[in-house]
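Chain and residue survey
Chain by chain, the residues:
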Amino acid sequence: MTTEYFTSPEGRRLAFNKIPPVSGRPTFIWLSGYRSDMAGGKAQAVSSWAWENGNGAVLFDYSGHGESEGRFEDGTISAWREDALAAIDTLSDGPLILVGSSMGGWMALLAALARPERVKALVLIAPAPDFTEKLMWAGLTPEQQEEIMTRGVTLRPSDYGTPDPITRALIEDGRGWQILDAPIAFDGPVRILQGMEDPDVPWTHALRINEQLTSPDVVLTLIKDGDHRLSRDQDVARLLAACADVAAAITQ
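Residues numbered from 1 in each chain as written. Predicted model: local features only at pLDDT ≥ 70, side-chain atom pairs only at ≥ 80, totals over all residues. Heavy atoms only, no water.

1. Re the overall build of the chain
- Helix and strand counts for the chain stand at eight helices and 10 strands.
- Against the compact-globule benchmark of 18 Å for 252 residues, the chain has a radius of gyration of 17 Å, which places it among compact chains.
- Seen through its C-alpha atoms, the chain measures out along the principal axes to roughly 55 × 40 × 35 Å.
- A total of 252 residues make up the chain; the buried ones form 52% of that total.
- Excluding contacts between residues fewer than 6 apart, the proportion of contacts in the chain whose partners are at least 24 apart in sequence is 71%.
- When the accessible area of the chain is evaluated, it comes to approximately 10900 Å², of which 49% is carbon and sulfur surface. (Helix = DSSP H or I, 4+ residues; strand = E, 2+ residues; numbered from the N terminus. Rg over C-alpha atoms; globule rule 2.2 N^0.38 Å. Buried < 20%, exposed > 50% of the residue type's maximum accessible area, 1.4 Å probe, protein only. Contact = heavy atoms within 4.5 Å. Areas by Shrake-Rupley, 256 points an atom, 1.4 Å probe, with all protein chains shown as cover.)

Set out below in structure tokens:
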């Protein structure tokens, strides 16, 4: 599939792939994780499955990620939320199902709150709302926290490649978008997949999301031997089953 580009209202040039839905079918919007992009296996699996079943699919890269323009270290939760809403508003119409992985789970919840008339269902994989404060900042040493506040950035070792630059702007901006300390007003079906061996997002984080969502139709699947990525064949099968489940629920 050929990568296309659009310019967001904020002037950021963002990469995307798009498949239109069959008339009346929902569109799945993929929301990637922190330092991840639309080329990943789960994103591609959701897109292929959506196409095979007559649904639409939109994959895109946040600014500073993948094939989109911008520097990763300039990114904030505000900016990436703007990117997500720009992709929703510019690249899709009709009913939406948001599929968010890790940080993308936070983006999905923020987008659902911002576009309640469009977003009908959510599928969340190791979702990490509030991660900048409750997971990232809380997990830094006092020395790293001091470095962020004085130098503006610290480099944190990563299991997934080069070290993560954690900026003061990311941490301070993220505090304004925390949602786990109050009810999350969303009434559509929600499916959450969470590995219990996840080193990045503890499974208790998913329990808290489950508690705060106002929807009565939330199914949380805890995968005892699952890691953070949940990209094994059996995990991808669970993801596609969850997508099918919510699509059926909103199209009955």
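Continuing now.
2. Structural notes on the pairing of strand E1 (residues 4–7)
- Relative to strand E2 (residues 13–19), E1 runs antiparallel, the two sharing four bridges. Residue pairing in the sheet places Thr7 in a bridge with Arg13 of E2.
- Following E1, the chain reverses through five residues before pairing antiparallel with E2; Gly11 in that reversal takes a positive phi of roughly 90°. (Pairing = 2+ DSSP bridges.)

3. Focus: helix H3 (residues 103–114)
- The terminal C-alpha atoms of H3, which comprises 12 residues, lie 17 Å apart, in line with the 16 Å expected from a rise of 1.5 Å per residue.
- Of all 12 residues making up H3, 10 are buried, and the element is well covered by its neighbours.
- Within the sequence span of H3, burial applies to Met103, Gly104, Gly105, Trp106, Met107, Ala108, Leu109, Leu110, Ala111 and Ala112. (Expected span 1.5 Å × (residues − 1).)

4. Overview of the pattern of salt bridges
- This model, assessed by the stated rule, comprises 19 salt bridges.
- Close ionic contact of Asp130 with Lys134 constitutes a salt bridge, the shortest N to O distance being 2.8 Å.
- The partly exposed category is assigned to Lys134, whose relative accessible area is 22%.
- Among the salt bridges present, the one from Arg238 reaches Asp235, with a minimum N-O distance of 2.9 Å. You can see Arg238 and its partner Asp235 sitting in helix H8 (residues 233–251), three residues apart, about one turn around the helix. (Salt bridge = Lys/Arg side-chain N within 4 Å of Asp/Glu carboxyl O.)

5. Observations concerning the packing of helix H2 (residues 77–91) against H3
- Their axes nearest at 10 Å, the elements H2 and H3 cross at an angle of 60°. Judged on the interaxial angle alone, H3 and H2 are oblique. Note on packing geometry: the crossing formed by H2 with H3 is right-handed. Side by side, H2 and H3 meet where Ile77, Trp80, Arg81, Leu85 and Ile88 of the first sit next to Met103, Trp106, Met107, Leu110, Ala111 and Ala114 of the second. (Axes fitted to C-alpha atoms, helices over the stretch in contact; angles between N-to-C directions. Parallel < 35°, antiparallel > 145°, perpendicular 65-115°, else oblique. Left-handed = near helix turned anticlockwise from the far one by under 90°.)

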